[in-house]
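Chain and residue survey
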Amino acid sequence: MMPEYDFYINLYDDFINTRNDEDQKILWKLHKILDLMKITSENDPTGFMENGLRMIMLLFNKYDITSCDLSGNDLFETFPDKKEELLFILKDEFT
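The notes below deal with the structure included here. The model shown is predicted, which means the values in this text are computed figures rather than measured ones.

Cut-offs and rules
Residues numbered from 1 in each chain as written. Predicted model: local features only at pLDDT ≥ 70, side-chain atom pairs only at ≥ 80, totals over all residues. Heavy atoms only, no water. Helix = DSSP H or I, 4+ residues; strand = E, 2+ residues; numbered from the N terminus. Expected span 1.5 Å × (residues − 1). Buried < 20%, exposed > 50% of the residue type's maximum accessible area, 1.4 Å probe, protein only. Salt bridge = Lys/Arg side-chain N within 4 Å of Asp/Glu carboxyl O. Patch = residues over 30% accessible without salt bridge, like charges linked within 9 Å, V, L, I, M, F, W, Y side chains within 5 Å. Areas by Shrake-Rupley, 256 points an atom, 1.4 Å probe, with all protein chains shown as cover. Lys, Arg positive; Asp, Glu negative; His and termini not counted. Charge placed at Lys NZ, Arg CZ, Asp CG, Glu CD.

1. Regarding helix α5 (residues 80-94)
Given a rise of 1.5 Å per residue, 15 residues ought to cover 21 Å, and the 21 Å separating the end C-alpha atoms of α5 matches this to within 8%. Counting buried residues along α5, only 0 of its 15 residues qualify, which leaves the element largely exposed.

Encoded structure:
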C-alpha cells in the first residue's frame with residue numbers, strides 16, 4: 001500500500017500540473033478519487049480514505065494555483081555560496 005505521505009505529495013504535484021485549467025482540474029479530481037479508492041480498503045481504521053477525500057475536495061473547490069506554485073528553485077541545485085546565504089536566512093526566519 002502506498003504510504004499516505006506519498007499519496008499527498010503526488011496529489012499536490014498533479015494538482016499543480018493542472019495549472020488552474022477547469023477541465024484538467026475535473027479530470028484530476030476524478031483520477032485522484034479513483035487512485036485513493038484503489039489504495040485503501042473498506043475497513044480503514046486510520047481514516048486515510050476520508051482524509052484523502054477531504055484533501056481532494058479542498059484543493060478542487062478552494063485552491064487557486066499561484067505563480068509561486070508553478071516555479072521555484074531547488075536548493076540542492078543552488079551554488080554553494082548562495083546556498084549558505086539561503087540557509088542562514090531560513091534559520092533566522094524559523095528559529
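2. Details of the pattern of salt bridges
Tallying each qualifying case throughout the model produces 3 salt bridges. With a shortest N-O distance of 2.4 Å, E50 and R54 are connected by a salt bridge. Of this pair, E50 and R54 both sit in helix α3 (residues 48-62), separated by 4 residues, roughly a single helical turn. What makes E50 partly exposed here is its relative accessible area of 45%.

3. Considering a negative patch on the surface
Together, D21, E22, D23 and D64 line one region of the surface with negative charge. Tracing the chain through its elements places D64 in the loop between α3 and α4 (67-70). Residue D64 is classed as exposed on the basis of its relative accessible area of 55%.

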